[in-house]
Amino acid sequence: DESSPKADDVLLNYDNMFVITGAEMVNLRADASTDSRVLAKIPEFGGGEVLEDAGNGWLRVSSGGYIGFVSSEFAKTGEEAQKLAVDHAYPMIHVDSDSLNMRSGPGTDADVLETVLYDTLWEYLGEENGFWHVRYTSYMDGYLSQEFSSYGMYLKEASVQYTSN
């Protein structure tokens, strides 16, 4: 099917990507310091966009709607990141509007679980009635309007949902 995204389409969604390796989960921090507050976590083979090399072993990045810092010890960039990204790309739904209601079912009459923000990514499970069926949390599914979101190949990105179980 020509319209289905291919794994290497992930490369179209990032200008200067990074991919996490060597740790099951890496902290995305508010500042370039291990003492800094943790904003979210990024899973192994997840990633996002490098905004700048902050020096002293830190990268300033954008991931999952967050801007923060990751240790460059765990973040691959350049061609190495691109190879990893193609191997670990996921079909995801990207939120294209400033805010969008995550619903309990595929319709505008379904309960709103939460309002989700622009540029966040959700694991694709299917589609139904003009809505994307997505993984909302590890234990809950949700639905996003196709009118305000799009399907593509992405890396898993930072989330507060990831915990170190």
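See the structure printed just above.
Just so it is clear, the structure is predicted and the values come from calculations on it, not from any experiment.

Asks: Help me understand the environment of Asn56, please; the structure alone is not making it clear to me.
Replies: As for its position among the elements, Asn56 is in the loop between strand 4 (47–55) and strand 5 (58–63). Taking the C-alpha atoms as reference points, Asn56 and Met17, separated by 39 residues in sequence, lie 19 Å from one another.

Asks: In this structure, what is going on with unusual backbone geometry? I would like to understand it.
Replies: Across the chain, the bulk of peptide bonds are trans and the bulk of non-glycine residues have phi less than zero. With a phi angle near 50 degrees, Asn56 is a residue other than glycine that sits in the positive phi range. Located in the positive-phi region is Asp119, a residue other than glycine, with phi close to 75 degrees. Note on placement: Asp119 falls in the loop between strand 10 (112–117) and strand 11 (121–128).

Asks: Help me understand helix 1 (residues 78–87), please; the structure alone is not making it clear to me.
Replies: Each full turn of the α-helix corresponds to 3.6 residues, which orients residues three or four apart in the same direction. Those residues of helix 1 not exposed but buried are Ala81, Leu84 and Ala85. Buried residues of helix 1, seen end-on, are gathered within an arc of 105 degrees and therefore sit on one face of the element. For helix 1, the exposed residues lying more than 90 degrees away from the buried face are Glu79, Lys83 and Asp87. Residues of helix 1 that are buried make contact with strand 1 (17–20) and strand 7 (75–77).

Asks: Please explain the layout of surface pockets as it appears in this structure.
Replies: To find leftover empty space, one rolls a probe the size of a water molecule over the atoms. The volume enclosed by the largest pocket comes to roughly 680 Å³. Lining the largest pocket we find 25 residues, and of these Leu121, Trp122, Tyr136, Ser159 and Gln161 sit closest to its centre. Taken together, the elements giving at least two residues each to the lining of the largest pocket come down to strand 10, strand 11 and strand 12 (131–137). Of the residues belonging to the lining of the largest pocket, the class tally is 10 nonpolar, 10 polar and 5 charged. Here the second largest pocket is characterised by a volume of approximately 180 Å³. Along the wall of the second largest pocket there are 15 residues; nearest its centre are Asn13, Tyr14, Glu49, Asp119 and Glu157. The set of elements that each furnish at least two residues to the lining of the second largest pocket consists of strand 4 and strand 5. Looking at the lining of the second largest pocket residue by residue, the class counts come to 4 nonpolar, 7 polar and 4 charged.

Asks: For this particular structure, what's the right way to read the pattern of salt bridges?
Replies: Taken as a whole, this structure holds 4 salt bridges when the rule is applied. For Glu52, the salt bridge goes to Arg60, with nearest N and O atoms at 3.8 Å. Residue classification places Arg60 among the partly exposed residues on the basis of a relative accessible area of 28%. We note a salt bridge from Arg135 to Asp141, for which the minimum N-O separation is 3.0 Å. On the accessibility criterion, Arg135 (30% relative accessible area) is partly exposed. Connected through shared salt-bridge partners, Glu123, Arg135 and Asp141 make up one network.

Asks: For this particular structure, what's the right way to read the side chain of Glu49?
Replies: Residue position: Glu49 is located in strand 4. Arg60 provides the closest opposite charge to the buried, unpaired Glu49, separated from it by 11 Å. At 2.4 Å, the side chain of Glu49 forms a polar contact with the backbone nitrogen of Asn16. Apart from residues no more than four positions distant in its own chain, Glu49 is found in contact with Asn13, Tyr14, Asp15, Asn16, Met17, Phe18, Arg60, Val61 and Ser62.

How each quantity is defined
- Residues numbered from 1 in each chain as written.
- Predicted model: local features only at pLDDT ≥ 70, side-chain atom pairs only at ≥ 80, totals over all residues.
- Heavy atoms only, no water.
- Helix = DSSP H or I, 4+ residues; strand = E, 2+ residues; numbered from the N terminus.
- Buried < 20%, exposed > 50% of the residue type's maximum accessible area, 1.4 Å probe, protein only.
- Arc of directions from axis to C-beta.
- Contact = heavy atoms within 4.5 Å.
- 1 Å grid on protein atoms, 1.4 Å probe; cavity = no way out; pocket = protein on both sides within 12 Å on 5 of 7 lines; lining within 4 Å.
- Points joined across faces, edges and corners; volume = space filled by probe spheres on them.
- Nonpolar A, V, L, I, M, F, W, Y, C, P; charged D, E, K, R; others polar.
- Salt bridge = Lys/Arg side-chain N within 4 Å of Asp/Glu carboxyl O.
- Lys, Arg positive; Asp, Glu negative; His and termini not counted.
- Polar contact = N/O pair within 3.5 Å; in protein donor to acceptor, adjacent residues only side chain to side chain.

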